[in-house]
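Topology and contacts: notes
This is what each chain is made of:
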Amino acid sequence: MCLLTYYPARVVPDLGALRFGAEANPDGHGFAIVTRGRIITGHGMNADTVIDAFSRTRAEHPDGPALFHSRYATRGAVELSNCHPFRLGGDRRTVLAHNSTLPKRVHPRAFDRRSDTRIAAEDYLPRQPFGPIDTAAGARGLAGWLGPSKLVILTVDPAYAHTAYLFGEHAGLWVGGIWYSNRSYLPPELRWPTRRRTVCGYCLDRDLERTSRYCRTCGWCFDCHSTLSHCTCLPTPTRPSPTAGPASNWT
């Protein structure tokens, strides 16, 4: 599922929340900060290293919006190149990060090691298939394509009207001026609802017709309080295998 976090200008990160999110979503981490007409980004496989770099960089550049992402791999290899955020069409001026699963159009085919979000950022969304997101039709089209998932776009490209765009805001949570895409920023004992079992404790999707122990949106298990690949109710949990490669990248 991942944890996507968005910070408006001058909002200070909650490092404890980021560390809880990284523990629940351990497959790579990254950040982006808008400052003085450019975007500073960092990526890495070690959560503490990336969180510390984000904290230092944010303190130096507090005046623009920012994002942080911790990945829980569902598609694509567990490697540095699949850590969010991604440049939109390779343009350093615009980056995006995403939470949840995108439509099949951007799912990786056989032998493609990229994640669905990386494919969307590199191949699909640069063509503006729904039109400019500054138009009502374009924003509505992208939101409809995303469905229940969430997306943050940061840009310093003057072709855009704003420096930050948040899609799926209603499906996340604002806490202390920070937006979180789901509850995995909380410590485990506070993360999952105890009464409203029709509401997924991970992606917050409501399923009034749930017929199994799993959330139909993200695969979260209502019985053992784990995402599908970590479900202790399964005889043999499966996870994507880590692969060799670089451990961090800063730009």
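Residues numbered from 1 in each chain as written. Predicted model: local features only at pLDDT ≥ 70, side-chain atom pairs only at ≥ 80, totals over all residues. Heavy atoms only, no water.

**Points about the overall build of the protein chain**
Note the threshold: Only DSSP runs of H or I reaching four residues or more are called helices, and only runs of E reaching two or more are called strands; each is numbered from the N terminus. Whether a residue is buried, partly exposed or exposed follows from its accessible area with a 1.4 Å probe, protein chains only, as a fraction of its type maximum: under 20%, in between, or over 50%, in that order. Any two residues whose heavy atoms approach within 4.5 Å are treated as being in contact. Accessible surface is estimated by sampling points in the Shrake-Rupley manner with a 1.4 Å probe; for residues, cover comes only from the protein chains shown.
What the protein chain contains, in helices and strands, is five helices and 11 strands. Across the 251 residues that make up the protein chain, the buried fraction comes to 51%. For the protein chain, long-range pairs separated by at least 24 residues make up 61% of all intrachain contacts whose partners lie at least 6 apart in sequence. Summing over all exposed atoms, the protein chain offers an accessible surface of approximately 12,000 Å²; the carbon and sulfur share of this is 52%.

**As for the nonpolar core**
Here is the rule: By convention a nonpolar core is built from buried Ala, Val, Leu, Ile, Met, Phe, Trp, Tyr and Cys residues, the set being connected through side-chain atoms within 4.5 Å.
Tyr 7, Phe 31, Phe 54 and Phe 68 are the most contacted members of the largest nonpolar core, which has 20 residues in total. Beyond its immediate stretch of four places on either side in the chain, Tyr 7 contacts Pro 13, Leu 18, Phe 54, Arg 58, Pro 65, Ala 66, Leu 67, Phe 68 and Ile 178. The next biggest cluster of nonpolar side chains, apart from the first, holds 19 residues, and it includes Phe 86, Leu 88, Ile 119 and Phe 167.

**Some details on the confidence of the model for the protein chain**
Threshold: Residue-level confidence of the predictor is summarised by pLDDT, bounded by 0 at the bottom and 100 at the top.
Residues at a pLDDT of 70 or more form 85% of the protein chain, whose mean pLDDT is 89. Across residues 236-243, where pLDDT falls below 50, the model places 16 contacts with residues more than four positions away in sequence or in other chains.

**Here's the deal with the pattern of salt bridges**
Convention followed: Any carboxyl oxygen of Asp or Glu that lies within 4 Å of a side-chain nitrogen of Lys or Arg is treated as forming a salt bridge with it.
Across all of its chains, the model carries 10 salt bridges by this definition. Arg 93 is paired through a salt bridge with Asp 91; the nearest N and O atoms lie 2.9 Å apart. For Arg 93, a relative accessible area of 38% corresponds to the partly exposed category. Taken together, the salt bridges that share partners define one network made up of Asp 112, Arg 114, Arg 118, Glu 122 and Asp 123.

**A closer look at the sheet that holds strand β3 (residues 38-44)**
Our working rule: Any two strands with at least two DSSP-identified bridges between them are counted as paired. Angular values range over 0 to 180 degrees, each being the angle between N-to-C directions of two axes fitted as lines to C-alpha atoms, with helices fitted over their stretch in contact.
Strand order across the open sheet formed by seven strands is β9-β10-β1-β4-β2-β3-β11, with antiparallel pairing between neighbours. Pairing within the sheet leaves two strands with one partner each, and these edge strands are β9 (173-175) and β11 (248-250). Shown here is a sheet whose adjacent strand axes are inclined to one another by a mean of 15°, direction ignored. Two strands pair when backbone bridges link them, and strand β1 (residues 3-7) and strand β4 (residues 66-70) are joined in this way by five bridges, in the antiparallel orientation. Within β4, the residue paired with Leu 3 across the bridge is Ser 70. Sitting on the sheet, helix α2 (residues 47-60) is in contact with β1, β2 (29-35), β3, β4 and β11, with an inclination near 10° to β2.

**Quick look at the sheet that holds strand β5 (residues 86-88)**
An order of β5-β6-β7-β8 is seen for the four strands of this open sheet, with the pairing classed as antiparallel. The sheet is open, and its two edges are formed by β5 and β8 (164-167), each paired on a single side. Between one strand and the next, the sheet's axes are offset by a mean angle of 25°, whatever the strand orientation. Note: strand β6 (residues 91-99) against strand β7 (residues 150-155), six bridges, orientation antiparallel. The residue bridging Thr 94 from the neighbouring strand is Thr 155, located in β7. Those strands touched by helix α3 (residues 116-124) are β5 and β6, and its axis lies near 25° from that of β5. Against the sheet, helix α4 (residues 136-146) touches β6, β7 and β8, its axis set at about 45° to β8.

**So, the packing of helix α1 (residues 15-24) against α2**
Using the following cut-off: Every angle not falling under 35 degrees, over 145, or within 65 to 115 is termed oblique; those three ranges are roughly parallel, roughly antiparallel and roughly perpendicular. Each crossing gets its handedness from the near helix: less than a right angle anticlockwise from the far helix is left-handed, clockwise is right-handed. Residue polarity is assigned by list, with Asp, Glu, Lys and Arg as charged and Ala, Val, Leu, Ile, Met, Phe, Trp, Tyr, Cys and Pro as nonpolar; anything else, Gly included, falls into the polar class.
Running from N to C, α1 and α2 point in directions that differ by 155°, and their axes come no closer than 10 Å. Comparing their axes, α2 and α1 come out roughly antiparallel. Of the two elements, α1 crosses α2, and the hand of that crossing is right-handed. Along the contact surface, α1 presents Leu 15, Leu 18, Arg 19 and Ala 22, while α2 presents Ala 47, Asp 48, Ile 51, Asp 52, Phe 54 and Ser 55. Class assignment for the residues of the contact of α1 with α2 results in six nonpolar, one polar and three charged.

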